[in-house]
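Topology and contacts: notes
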Amino acid sequence: MDTNPDSPPSDTSPNASSCPGGTGGASSSSSAPSPSRYEAQKRRDWNTFGQYLKNHRPPLSLSRCSGAHVLEFLRYLDQFGKTKVHAQMCPFFGHPNPPAPCPCPLRQAWGSLDALIGRLRAAYEENGGKPEANPFGARAVRLYLREVRELQAKARGISYEKKKRKKPSQGGGGGSLQEHQPQTSSSSAGAT
Ligand SMILES: [Zn+2]
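Residues numbered from 1 in each chain as written. Predicted model: local features only at pLDDT ≥ 70, side-chain atom pairs only at ≥ 80, totals over all residues.

As recorded in an unreviewed UniProt entry, the protein goes by the name ALOG domain-containing protein, listed as coming from Colocasia esculenta. Quoted verbatim from the Subcellular location (unreviewed entry) field of the UniProt record, the comment on the protein reads "Nucleus". UniProt's Sequence similarities (unreviewed entry) comment on the protein is quoted here verbatim: "Belongs to the plant homeotic and developmental regulators ALOG protein family." (UniProt positions renumbered as here; feature names shortened; annotations may be inferred.)

The structure is reproduced here in structure tokens:
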């Protein structure tokens, strides 16, 4: 459990040593959010995953990569997460904005993981992977993401209300259903 703050992968560190390629822009120093931001992020994510494969023990090649390995990768990323996910026994379980710190772990927000998988899935095929073998589209990965979404929604009192199965809601902290963008991790600004 060493939280190694070495290089948080999904952060916006200007670490991309490779040129952005694609549309060869002459002046790429404009601060406007260009449409190729997605491409740049995708490239970064792909590099991060490549790095992960490289460091994997035992060694793992992309062609042998399965959905299970993708899950491993996602769990590995959790150590760099910034989203507080309360355990069930935490008094703040179900509170979107807890009034005090607690020892619950920080995780990657569901929205980040979901977007990440989307980008990696595209990158995999752009890099020659076969769609039918795409580990990022594996059923296990979809199930995992759904699980994370529900867990985080419950832990933070957030409802992602898309298509929820009807279920007997036991007396949690009911009533605090809020629409909330999962993307922003602003609510977890408090340091550990
Ligand atoms: Zn907590």
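So that's the structure; there's more coming.
Now for the overall build of the protein. Of the regular secondary structure elements, the protein holds four helices and two strands. Listing every helix and strand of the protein by position from the N terminus yields α-α-β-β-α-α. For the protein, contacts bridging at least 24 residues in sequence account for 68% of all contacts bridging at least 6. (Helix = DSSP H or I, 4+ residues; strand = E, 2+ residues; numbered from the N terminus. Contact = placed C-beta atoms within 7 Å.)

Moving on, we get to the nonpolar core. In terms of nonpolar packing, the biggest core is built from 16 residues, with Val 70, Leu 113, Ile 117, Leu 120, Phe 136 and Val 141 touching the most fellow members. At the level of elements, helix H2 (67-77), helix H3 (110-126) and helix H4 (139-156) are the ones that each hand at least two residues to this core. Top contributing element to this core by residue count: H3, with seven residues. With residues near it in sequence (within four places) discarded, Leu 113 still touches Leu 74, Gln 108, Leu 145 and Val 148. (Core = buried A, V, L, I, M, F, W, Y, C linked by C-beta atoms within 7 Å. Buried ≥ 20, exposed ≤ 12 C-beta atoms within 10 Å, placed from the backbone.)

So, on to the packing of H3 against H4. Running from N to C, H3 and H4 cross one another at 160°; their axes reach a closest spacing of 9 Å. Between H3 and H4, the interaxial angle falls into the category roughly antiparallel. Read as a crossing pair, H3 and H4 show a hand that is left-handed. On H4, the residues touching Trp 110, Leu 113, Asp 114 and Ile 117 of H3 are Val 141, Leu 145, Val 148, Arg 149 and Gln 152. Within the contact of H3 with H4, the residues separate by chemical class into six nonpolar, one polar and two charged. (Axes fitted to C-alpha atoms, helices over the stretch in contact; angles between N-to-C directions. Parallel < 35°, antiparallel > 145°, perpendicular 65-115°, else oblique. Left-handed = near helix turned anticlockwise from the far one by under 90°. Nonpolar A, V, L, I, M, F, W, Y, C, P; charged D, E, K, R; others polar.)

A few words on the packing of helix H1 (residues 37-55) against H3. Put simply, H1 and H3 touch, their axes get as near as 9 Å, and they point 85° apart. Considering their axes alone, H1 and H3 lie roughly perpendicular with respect to each other. Residues Gln 41, Lys 42, Asp 45, Trp 46 and Phe 49 of H1 touch H3, and the partners they reach there are Leu 116, Arg 119, Leu 120, Ala 122 and Ala 123. Within the contact of H1 with H3, the residues separate by chemical class into six nonpolar, one polar and three charged.

A few words on unusual backbone geometry. Arg 57 connects to Pro 58 through a cis peptide bond whose omega is -5°. Looking at the secondary structure, you find Pro 58 in the loop between H1 and H2.

Glancing now at H3. Between the first and last C-alpha of H3 there are 24 Å, a value that for 17 residues agrees with the 24 Å anticipated at 1.5 Å per step. Where H3 is buried, its residues meet H1, H2 and H4. Positive phi shows up at Gly 128, right after H3, with a value of about 95°. (Expected span 1.5 Å × (residues − 1).)

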